[in-house]
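Each chain, letter by letter, is given below.
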Amino acid sequence: MLELLGTIGGNIMGLPGILGLALGMMTRRLWLGAMMGGLISIVATLLFAHWDFANVATTELLIAIVVGLCAGTLGSAIRIKGATV
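Residues numbered from 1 in each chain as written. Predicted model: local features only at pLDDT ≥ 70, side-chain atom pairs only at ≥ 80, totals over all residues. Heavy atoms only, no water.

## What about the overall build of the protein chain?
In plain terms, the rule: Numbering of helices and strands runs from the N terminus, with a helix taken as a DSSP run of H or I at least four residues long and a strand as a DSSP run of E at least two residues long. In this treatment the radius of gyration is a C-alpha quantity, and the globule benchmark scales as 2.2 Å times the residue count to the 0.38 power. Exposure is judged per residue with a 1.4 Å probe applied to protein chains only, and the accessible area is read against the type maximum: over 50% gives exposed, under 20% gives buried, and values in between give partly exposed. Should any heavy atoms of two residues lie within 4.5 Å, those residues are counted as being in contact.
A count of helices and strands for the protein chain gives four helices and zero strands. For 85 residues, the compact-globule estimate of 2.2 N^0.38 gives 12 Å, and the protein chain sits close to it at 13 Å. For the C-alpha atoms alone, the extent of the protein chain along its principal axes is close to 45 × 25 × 15 Å. Buried residues in the protein chain amount to 32% of all 85 residues. Taking all contacts inside the protein chain whose residues are at least 6 apart in sequence as the whole, residues at least 24 apart take part in 72%.

Here it is, written out as structure tokens:
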């Protein structure tokens, strides 16, 4: 359980969360922000696995993708709401 929570927290505070949020804030389209966040989470996971899929755990990759999608969508929502204030 602690390993799962550590993976989730690490992805939120790591590249998929922070960079996904930043990339999501660059667009006002929710689907594009989510796609950029998901893409950066895949790249970050492979980067830390030395570009080898054999070193990537399936749960780690899925959690990173979900966090990246949510962060990108949240970044786009921040951009949309900030533009209307």
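The structure having been displayed, the exposition proceeds.
## Thoughts on unusual backbone geometry
Residues other than glycine seldom take positive phi values, yet His-50 does so here, at roughly 60°. Within the element layout of this structure, His-50 appears in the loop between α3 (30–48) and α4 (58–84). One non-glycine residue, Trp-51, lies in the positive phi region at around 60°. In this fold, Trp-51 is placed in the loop between α3 and α4.

## Focus: the environment of Met-26
Topologically, Met-26 is positioned in the loop between α2 (15–24) and α3. A residue is classified by how much of its surface remains accessible, and Met-26, at 57% relative accessible area, is exposed. The spacing of Met-26 and Glu-3 is 23 residues in sequence and 32 Å in space, taken between C-alpha atoms.

## Quick notes on the side chain of Asn-11
Rules: Definition of a polar contact: a pair of N or O atoms within 3.5 Å, with one able to donate and the other able to accept a hydrogen when the atoms are protein atoms, and with sequence-neighbouring residues admitted only if both atoms are side-chain atoms.
As for its placement among the helices and strands, Asn-11 is situated in helix α1 (residues 2–13). A relative accessible area of 10% places Asn-11 in the buried class. A polar contact is formed between the side chain of Asn-11 and the backbone oxygen of Thr-7, at a distance of 3.0 Å. The residues contacting Asn-11, other than those within four sequence positions of it, are Pro-16, Gly-17, Glu-60, Ile-63, Ala-64 and Val-67.

## Quick look at the confidence of the model for the protein chain
Operational definition: Scored between 0 and 100, pLDDT is the confidence that the predictor attaches to each residue.
When pLDDT is averaged across the protein chain, the result is 91; 99% of the residues are at 70 or more. Across the protein chain, element-level confidence peaks in α3 with a mean pLDDT of 93 and bottoms out in α1 with 89.

## Quick look at a nonpolar patch on the surface
For clarity, the cut-off: Any residue with relative accessible area above 30% and no salt bridge may belong to a patch, with like charges joined within 9 Å and the nonpolar Val, Leu, Ile, Met, Phe, Trp and Tyr side chains within 5 Å. Computed with the Shrake-Rupley method and a 1.4 Å probe, the accessible areas treat only the protein chains shown as cover for residues. Every case where a carboxyl oxygen of Asp or Glu lies within 4 Å of a side-chain nitrogen of Lys or Arg is listed as a salt bridge.
A cluster of nonpolar side chains, Leu-15, Leu-19, Leu-39, Val-43, Leu-47, Phe-48 and Trp-51, forms an exposed patch at the surface whose accessible area comes to about 700 Å². Among the secondary structure elements, those contributing two or more residues to the nonpolar patch are α2 and α3. Per element, the largest residue contribution to the nonpolar patch is four residues, and it comes from α3. Here Leu-15 is to be found in helix α2.

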